[in-house]
Amino acid sequence: MRPALRKGLKIAGIVFNALAAIFTIMAAYGGAVNPETSAVPQLLALSFPLWVILTLLLLILNLIYWRKAAIIQGATILICLGPLWGLCPLNLFNTRITPENQNRSFTGAGRSG
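On a predicted model such as this, the values are computed, not experimentally measured, just so you know.

Novice: Summarise the side chain of Gln73; cite the residues concerned and give the values.
Specialist: In this structure, Gln73 sits in helix 4 (residues 70-79). Since its relative accessible area comes to 0%, Gln73 is described here as buried. Side-chain polar atoms of Gln73 contact the side chain of Asn17, separated by 3.0 Å.

Novice: So what about helix 3 (residues 48-65)? Which residues, and what values?
Specialist: Here helix 3 is 18 residues long and its end C-alpha atoms lie 25 Å apart, about the 26 Å a rise of 1.5 Å per residue gives. Considered for burial, the residues of helix 3 that qualify are Phe48, Val52, Thr55, Leu58, Leu59 and Asn62. Projected onto a plane normal to the axis of helix 3, the buried residues spread over an arc of 125° and lie on a single side. Across helix 3 from its buried face, at more than 90 degrees, point the exposed residues Leu50, Ile64 and Tyr65.

Novice: An account of the packing of helix 1 (residues 3-28) against helix 3 is needed here, citing residue identities and associated values.
Specialist: At a minimum axis separation of 9 Å, helix 1 and helix 3 run at an interaxial angle of 145°. The two elements helix 1 and helix 3 cross, and the hand of that crossing is left-handed. Across the interface between the two elements, Phe16, Asn17, Ala20, Phe23, Thr24, Ala27 and Ala28 from helix 1 touch Phe48, Trp51, Leu54, Thr55, Leu58 and Asn62 from helix 3. When the residues that make up the contact of helix 1 with helix 3 are grouped by side-chain class, the tally is nine nonpolar, four polar and no charged.

Novice: Can you break down the environment of Leu44 residue by residue, with the values?
Specialist: Here Leu44 is to be found in helix 2 (residues 40-46). By relative accessible area, Leu44 is classed as buried at 12%. Sequence-wise, Leu44 and Thr24 are 20 residues apart; in three dimensions their C-alpha atoms are separated by 8.4 Å. In contact with Leu44, not counting residues within four places along its chain, are Phe23, Met26, Ala27 and Trp51.

Cut-offs used in this document
- Per chain, residue numbering runs from 1 following the sequence as it is written.
- Restriction of local features to residues with pLDDT of at least 70 applies here, the model being predicted, together with a cutoff of 80 or more for giving and counting side-chain atom pairs; totals for whole chains, interfaces and linings are based on all residues.
- Calculated side-chain values reflect all of the structure's heavy atoms, with hydrogen atoms and water omitted.
- Segments assigned H or I by DSSP are reported as helices when at least four residues long, segments assigned E as strands when at least two residues long, and all are numbered from the N terminus.
- For the exposure calls, accessible area comes from a 1.4 Å probe over protein chains only, and a residue counts as buried if that area is under 20% of its type's maximum, exposed if over 50%, partly exposed in between.
- We call two N or O atoms a polar contact when they sit within 3.5 Å, provided that within protein one can donate a hydrogen and the other can accept it, with sequence-adjacent residues counted only if both atoms are side-chain atoms.
- In a helix, the anticipated span is given by 1.5 Å times the number of residues less one.
- By definition, the arc is the one covered by directions from the helix axis to the C-beta atoms.
- Each axis is a line fitted through C-alpha atoms, and for a helix only the stretch in contact is used; angles between axes span 0 to 180 degrees, taken between their N-to-C directions.
- For any pair of crossing helices, the crossing counts as left-handed if the nearer helix is rotated counterclockwise from the farther one by less than a right angle, and right-handed if it is rotated clockwise.
- Every residue pair with non-hydrogen atoms within 4.5 Å of one another is taken to be in contact.
- Each residue gets one of three labels, nonpolar for Ala, Val, Leu, Ile, Met, Phe, Trp, Tyr, Cys and Pro, charged for Asp, Glu, Lys and Arg, and polar for the others, Gly among them.

Geometric descriptors of this kind do not, in isolation, establish any biological role.
Right, here's the structure in full:
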């Protein structure tokens, strides 16, 4: 491959990774912006799951083909970890359901009680 083409592809890759990271971060924290001020962050917040999927795909591709660029996507996931944890909560600890919360709780097999 020609050096000029290789350099152009590398710059395009960095720009694409950086834009994906910026939009993922904006989508993660778009819910914190007052919707009366601007509706664009709210619309980005609605698309947050799609940006997370794109970020994870880019992370995998970057780990395979270009490890240095994977730092961008890894940092993006770390920055968005709070909203990501709210999107896909993991129950790491087994907590008991109190009797007063039993009627309005759900289990993995369906509604309990």
